[in-house]
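Understanding the architecture of this molecule
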Amino acid sequence: RSVRILSRGTALIRRIIAVAITAAMPATASVAAPDARMDYFLGTWNCAGSFPATGKAIASTLRFERDLGGEAMVKHHDDVPPAGYHAIEVWLARGDGHSSRAVIADNFGGVREFRSDGWNGNTLSWQGAADVAPAQRFVYVEIDGDTFRLDWDTSKDGAHYKVGDTLTCKRRPA
């Protein structure tokens, strides 16, 4: 029984990745080599933070792994109870050599697309597609080799962003 569940789960993940790639890549786009700097995220991270507007605490576990022969970065985001957010993300380099696309599917039925122009110093930002409402972005800031901050920002006008939640993540020892 557990083998069957595992294989269903693996099949679901593969299906999500296939949908993500199809949705994120125009038919004429080519895939670039993966950004090796993204490998910083590989592994499991324990995260703690808050919703600044309310001060309410939040904790999450993030797990990053390569898939599709190393071409895609897959992120699993699982909030720790009592929070109930769970998501899978697929990050894929674009053929232009400097940008990436991401597709996020979550347990609330949402599927969102994001774009990144890559690292700017120690910051990696993912900007939501035009149809993502309200406007959203995810900002990853590398603090050191084993710590990063992740902010989820929203905007009503697409120009002025407020932090919706913020997490400080520490690499879990292997």
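In what follows, the accompanying structure is described. (Residues numbered from 1 in each chain as written. Predicted model: local features only at pLDDT ≥ 70, side-chain atom pairs only at ≥ 80, totals over all residues. Heavy atoms only, no water.)

**Things to note about the pairing of strand E11 (residues 162–171)**
So the rule is basically this: At least two DSSP bridges between two strands are required for those strands to pair. Numbering goes from the N terminus for both helices and strands, where a helix is a DSSP run of H or I of at least four residues and a strand is a run of E of at least two.
Here strand E1 (residues 43–51) pairs with E11 via six bridges, running antiparallel. Paired with Trp 45 across the strands is Arg 171, a residue of E11. Direction of pairing for strand E10 (residues 147–155) relative to E11: antiparallel, over a ladder of eight bridges. The partner of Phe 148 across the bridge, within E11, is Cys 169.

**Considering the state of the cysteines**
Put simply, the test is: We call a pair of cysteine sulfur atoms a disulfide when they lie within 2.5 Å.
Enumeration according to the criterion identifies one disulfide in this entry. Between the sulfur atoms of Cys 47 and its disulfide mate Cys 169 the distance is 2.1 Å. With the S-S bond torsion at 110 degrees, the cross-link from Cys 47 to Cys 169 turns out right-handed. In this pair, Cys 47 is assigned in strand E1 and Cys 169 in strand E11, connecting sequence segments 122 residues apart.

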